[in-house]
Amino acid sequence: MKKSIFLFFGLLLFSIAACSNKPITFGNLEPESKHALVANIFVNAIENYHYNKVKLTDSISSRVFNEYIKSLDGNRAIFLQTDISEFENFRYSLDDAIKSGNLQPAYTIYNRYITRLNERIDFSLEQIKKPVVYESADLYVYNRENEPWFKTVSELDNYWNKRIRYDFISLKISSDDEKRHSETITRRYENLKSQLSKTKSEDVFQTFLSAFAKSIDPHTAYFSPRAAADFNIDMSNSLEGIGARLQTENDYTRVASIVTGGPADKGKELAVNDRIVGVAQGDKGEFEDVLGWRIDDVVSKIRGAKGTVVRLQVIPAGADINTTPVIIRIVRDKVILEDQLAKSEVKTIQKDGKPYKIGIISIPSFYIDFAALRKGDPNYNSTSKDVKKALELFKSSGVDGVIIDLRNNGGGSLKEAIELTGLFINGGPVVQVREGNGKIDINRDEDPNITWDGPLTVMINRFSASASEIFAGAIQDYGRGVVIGEQSYGKGTVQSGIDLSEFVPGFKEPLGQLNLTMAKFYRINGGSTQHKGIIPDVIFPSAFPIEVFGESSEPFALTWDQIGAASYKRISDLSTSINQITTNYQIRKKSNPEFNYLYEDIQRFEKNRNEKSVVLSEITLRAERQKSEEEELNRYNARRKLQGLPAVAKGETRPVLETDFMKDEGLLITAELIAMLKN
């Protein structure tokens, strides 16, 4: 691959080296000389080494155009229809432009974006000075992603006037200090203006190539040198912060995932899909409003030295935008590797008058210490080694069955997924890997020994992905155990990280990194784990709908398909047991209040997801917020009562409820499986 790129880019590198950078001014950004080189490497990699060997056509160009506009103005509240009509000239030529190293169309669009956003900020700052109308029947449509573009500046002005009024009403419901509200909102827009003025050419290039990569598939990604450094810090687990991955969603910073073992995970208060609207330093620092901020600027505020405190204002997942933000206090720390290791425990439960001793192994990720392994250290850490030790302890203590808990396990080492499967089967194929050229490798467990041959259940949820899906799929295909939980994420593709600087020797500047999708996983039954994920034998309800969370929600995700099955022999047929277990579970969950609360969460999430507007009336919004807060407090206290805890009064701190009813249900299902297999 490198040799072809060296030859392909030799002349291009010579011509670029002769160029000088043009001066960059606010609102008049231009590509740097090296960007044409990076763009050509990017195109060559996509067309020749991506799993689908994607050829850049007018159809792909149209995709890129849509994704780029969406990345800049997904809420359709900045550009005018006249801008979009003008940009349409680029729709089917972006492919040709990037092939030739011409990035001017991308910069033309971005510069217009900066100009329009700057106009909106100036307009908003003027509106803040005017008297606020707190009561009206006007509707503020806060979600405009499917609305038509505004045709005139006056239409945009009307929308932004409503946006400012909503900001004031929302703050007034929480406090009557109107002067402070004006200062808060003014500071919000002045911060936006300051951030905008700091935009660099590298930011434009990163945004454009990121949109381009996302138009190919959701896991192919370009990282500028700065973004690549941040990405690799995250991957090495050396980052000091709260242990959460964040994304931008319209004006909000959304929690995309939480790192197991990190401060946020240990605190149990921050959750996936929460929206962060404010950040404060220490216990007494003033909150900075971060609505509309760039994601890297929000991250820089949340990161900090180990042992320091950061406080977050958060709108909880599923709540509407009128909800009073909750304040979450987190002590920053390093993500400690030991906290990401497999953990085991033994629970004894009563089922039908009989005691069952069940071993539970929770696996946050599929890890292996390659450095220690290469050094020949026999005590290197790995998932399979740690789980094997736990299983041997379980056997010596006389457990009746085992649960492997893979909930929220986003994957990791493929080698470890295979080794882990081997602890439960006597050798055989585990996963098939198909490369873009059609070559299929069958990855096998070569060890005929079985560490645990007793009753087994595997727990997964929507955020179990990649290596987790390989293991769960293999256990299901062999009939080795029962898979329970939610349909998994569906990430069945393999990416390789490419340091672009390696392909142009002699070029002194860093060029960034390309993560390229180059292969695809298939189960031993021939079906891909891509897109569909793993469908459990016993399906639990999910607060995260598959059409919103999961690979299938991505518009350009690689599709599910099937290849030939590997040669393997099923260990057992558990279908009769699964049918009976499912029947019992369906009866049991009807009388479990926690399932009812979960269904309420699902309904609330769906309701708020479909709502796009609010009425600009302080009286109406205040009443709605009060009603919502009363319902939430009543529900919280009802759940405390179930645990034998006293009620919490309005305004008091609400301790996190320590409950895992899904695990409790998993224990009951495992006990039933044990009983059925004994019979």
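Residues numbered from 1 in each chain as written. Predicted model: local features only at pLDDT ≥ 70, side-chain atom pairs only at ≥ 80, totals over all residues. Heavy atoms only, no water.

A short note on the sheet that holds strand E11 (residues 343–351)
Through backbone hydrogen bonds, the strands of a sheet pair up, either in parallel or in antiparallel fashion.
Move 1: In space, the six strands of this open sheet follow the order E11-E12-E13-E16-E17-E20, with mixed pairing throughout. Looking along the sheet, the strands with just one partner apiece sit at the ends: E11 and strand E20 (538–539).
Move 2: Two elements, E11 and strand E12 (residues 354–362), share nine bridges in a ladder whose sense is antiparallel. In the sheet register, Lys351 faces E12, and the bridge partner there is Lys354.
Move 3: Against the sheet, helix H14 (residues 383–397) makes contact with E11, E12 and strand E13 (401–405), and its axis sits at roughly 165° relative to E12, the strand it touches most. (Pairing = 2+ DSSP bridges. Helix = DSSP H or I, 4+ residues; strand = E, 2+ residues; numbered from the N terminus. Contact = heavy atoms within 4.5 Å. Axes fitted to C-alpha atoms, helices over the stretch in contact; angles between N-to-C directions.)

Topic: the side chain of Thr451
Move 1: Structurally, the position occupied by Thr451 is in the loop between strand E15 (440–445) and strand E16 (456–460).
Move 2: Setting aside residues no more than four positions away along its own chain, Thr451 makes contact with Lys388, Leu391, Glu392, Lys395 and Leu423.

Brief notes about the pattern of salt bridges
Move 1: Counted according to the given criterion, the structure contains 42 salt bridges.
Move 2: Salt-bridge contacts for Glu446 lead to Arg444; the nearest nitrogen and oxygen are separated by 4.0 Å.
Move 3: Beyond isolated ion pairs, a larger network of salt bridges with shared partners links Asp83, Glu86, Arg112, Arg116 and Glu119. (Salt bridge = Lys/Arg side-chain N within 4 Å of Asp/Glu carboxyl O.)

Concerning helix H17 (residues 575–590)
Move 1: Taking 1.5 Å per residue, 16 residues should reach 22 Å; H17 reaches 23 Å between its end C-alpha atoms and fits that length.
Move 2: Those residues of H17 that fall on the buried side of the exposure criterion are Ser577, Ile578, Ile581, Tyr585, Arg588 and Lys589. Each buried residue of H17 sits inside an arc of 95° when the element is viewed along its axis, so together they form one side. Away from the buried face of H17 by more than 90 degrees, exposed residues Thr576, Asn579, Ile587 and Lys590 are located.
Move 3: Along its buried surface, H17 packs onto E11, strand E17 (482–485), E20, helix H18 (593–610) and helix H20 (661–678). (Expected span 1.5 Å × (residues − 1). Buried < 20%, exposed > 50% of the residue type's maximum accessible area, 1.4 Å probe, protein only. Arc of directions from axis to C-beta.)

Things to note about empty space enclosed by the protein
Move 1: The full count for this structure, using the stated rule, is three cavities of 30 Å³ or more.
Move 2: The wall of the largest cavity is formed by Thr184, Arg187, Arg188, Asn191, Glu288 and Asp289.
Move 3: If one sorts the elements of the lining of the largest cavity by residue count, helix H8 (residues 178–197) sits on top with four residues.
Move 4: Its residues assigned to classes, the lining of the largest cavity shows no nonpolar, two polar and four charged. (1 Å grid on protein atoms, 1.4 Å probe; cavity = no way out; pocket = protein on both sides within 12 Å on 5 of 7 lines; lining within 4 Å. Points joined across faces, edges and corners; volume = space filled by probe spheres on them. Nonpolar A, V, L, I, M, F, W, Y, C, P; charged D, E, K, R; others polar.)

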